[in-house]
Amino acid sequence: MFLAIPLFVGMMFFGTEFIKLWMPWSEAESRLSGNVLILLAIPQLFVMAVRPGGSITTGLGYVKFGALMTLLQAVVNLGLTLLFVMVLGLGLYGVALGTLVPSIAFNAVIAGFILRWIRFPVGKFVWDNVLRWCTMIIAFGIICYGVFQILGNGRWLAFGLKVVALAAVSLPLGWYIIFKGSEQRILRERIMGTFSQVSA
């Protein structure tokens, strides 16, 4: 989440600008694509939050469970996409929503099962991790919103400079928000150990 939050939150705010620079589409087409990108970026935060659980599921021997969840999610994804597009006529928004809804729902279910298997209290997980992630999303989102409002859209150079600047800001921000003091000490020791081995 240290890298995932800046990536996907930044995508939500600056995805439309990137699309405008990359593809010579009309304003309406670029905005539509940017909105769809936002809908596709949101569930990725849930996917990345639960991704380490895949190793836990495999390690505990619940391989069939993981395969079943993947299959069910695909079926629900297809069903909702057909509903949103064919019945409700939502077009590309329907395709994105068909991905968003089951992705969030199934990853939440998977997280619940994993926490039960390892006997880790849900409340403690929310307090120690989810609240920190939400705080980081809000803090970095406010910064992105401020940059977007002040600088607006620009050319490739301006866009690249914004990306570099926001990435630089996200590193210390994520370090102090996402990681607890004990985690910072462990990471600091490992980073210093890596540099010591490289320089030796």
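Basis of the calculations
Residues numbered from 1 in each chain as written. Predicted model: local features only at pLDDT ≥ 70, side-chain atom pairs only at ≥ 80, totals over all residues. Heavy atoms only, no water. Helix = DSSP H or I, 4+ residues; strand = E, 2+ residues; numbered from the N terminus. Buried < 20%, exposed > 50% of the residue type's maximum accessible area, 1.4 Å probe, protein only. Contact = heavy atoms within 4.5 Å. Areas by Shrake-Rupley, 256 points an atom, 1.4 Å probe, with all protein chains shown as cover. Lys, Arg positive; Asp, Glu negative; His and termini not counted. Charge placed at Lys NZ, Arg CZ, Asp CG, Glu CD. Expected span 1.5 Å × (residues − 1). Phe/Tyr/Trp six-rings, centres within 6.5 Å; stacked < 30°, edge-to-face > 60°. Axes fitted to C-alpha atoms, helices over the stretch in contact; angles between N-to-C directions. Parallel < 35°, antiparallel > 145°, perpendicular 65-115°, else oblique. Left-handed = near helix turned anticlockwise from the far one by under 90°. Nonpolar A, V, L, I, M, F, W, Y, C, P; charged D, E, K, R; others polar. Core = buried A, V, L, I, M, F, W, Y, C linked by side-chain atoms within 4.5 Å.

## As for the overall build of the protein chain
Move 1: Secondary structure summary: the protein chain contains eight helices and zero strands in total.
Move 2: Its helices and strands taken in sequence order, the protein chain reads α-α-α-α-α-α-α-α from the N to the C terminus.
Move 3: The principal-axis extent of the C-alpha atoms belonging to the protein chain is close to 50 × 45 × 30 Å.
Move 4: Scored against the burial criterion, the 200 residues of the protein chain give a buried share of 30%.
Move 5: At a minimum sequence separation of 6, the contacts of the protein chain that also span at least 24 residues come to 73%.
Move 6: Entry remark: accessible area of the protein chain is about 12,400 Å², with carbon and sulfur atoms responsible for 73%.
Move 7: In the protein chain, the 14 positive side-chain charges and the 6 negative ones have mean positions that sit 9 Å from each other.

## Overview of helix α4 (residues 63-87)
The periodicity of an α-helix, 3.6 residues per turn, causes residues three or four places apart in sequence to face the same way.
Move 1: Under the 1.5 Å per step criterion, the end-to-end length of α4 is 35 Å for 25 residues, consistent within 8% with the ideal 36 Å.
Move 2: Of all the positions in α4, only Phe65, Met69, Gln73, Leu80, Thr81 and Phe84 are classed as buried.
Move 3: Structurally, α4 contributes buried residues whose contacts are with α3 (53-59) and α5 (92-117).
Move 4: At the exit of α4 stands Gly89, carrying a positive phi of roughly 65 degrees.

## What about the packing of aromatic side chains?
Move 1: Per the stated rule, a full pass over the model turns up twelve aromatic pairs.
Move 2: A centroid spacing of 4.9 Å and a plane angle of 80 degrees characterise the contact between Phe65 and Trp117, whose relative ring orientation is edge-to-face. Taken together, the residues Phe65 in helix α4 and Trp117 in helix α5 connect sequence positions 52 residues apart. One exposure class covers both Phe65 and Trp117, and it is buried.
Move 3: Ring centres of Phe113 and Trp117 lie 5.7 Å apart, and the angle between their planes is 45 degrees; on these two criteria the pair is classed as tilted. In this pair, Phe113 and Trp117 both sit in helix α5, four residues apart, roughly one turn of the helix.
Move 4: One aromatic cluster in this structure is built from Phe18, Trp22, Trp156 and Phe159.

## Some words on the environment of Trp156
Move 1: Summarising the element assignment, Trp156 is placed in helix α7 (residues 156-178).
Move 2: Taking the C-alpha atoms as reference points, Trp156 and Met192, separated by 36 residues in sequence, lie 36 Å from one another.

## Section: the packing of α4 against α5
Move 1: Put simply, α4 and α5 touch, their axes get as near as 8 Å, and they point 155 degrees apart. As far as their axial angle goes, α5 and α4 are roughly antiparallel. α4 and α5 meet at a crossing whose hand is right-handed.
Move 2: Counted by class, the contact of α4 with α5 contains 16 nonpolar, seven polar and no charged residues.

## Notes on the nonpolar core
Move 1: Membership of the largest hydrophobic core comes to 20 residues, with the highest contact counts inside it found for Ile5, Phe14, Met136, Phe140, Cys144, Leu166 and Ile178.
Move 2: Elements supplying a minimum of two residues to this core: α1 (4-22), α2 (27-50), α6 (122-151) and α7.
Move 3: Sorting elements by how many residues they give to this core places α1 first, with six residues.
Move 4: If we ignore the near neighbours within four places in the chain, the residues touching Leu166 are Phe14, Phe140, Ile143, Cys144 and Val147.
Move 5: Ranked by size, the runner-up nonpolar core spans seven residues in total, among them Val50, Phe65, Phe106 and Trp117.

## Digging into the side chain of Lys162
Move 1: Within the fold, Lys162 resides in helix α7.
Move 2: Taking relative accessible area as the criterion, Lys162 reaches 7% and is therefore assigned buried.
Move 3: Sequence-distant contacts of Lys162, defined by excluding residues within four places in its chain, comprise Phe14, Glu17, Val147, Leu151, Gly152, Asn153 and Gly154.

Keep in mind that these numbers describe shape and distance, not what the molecule does.
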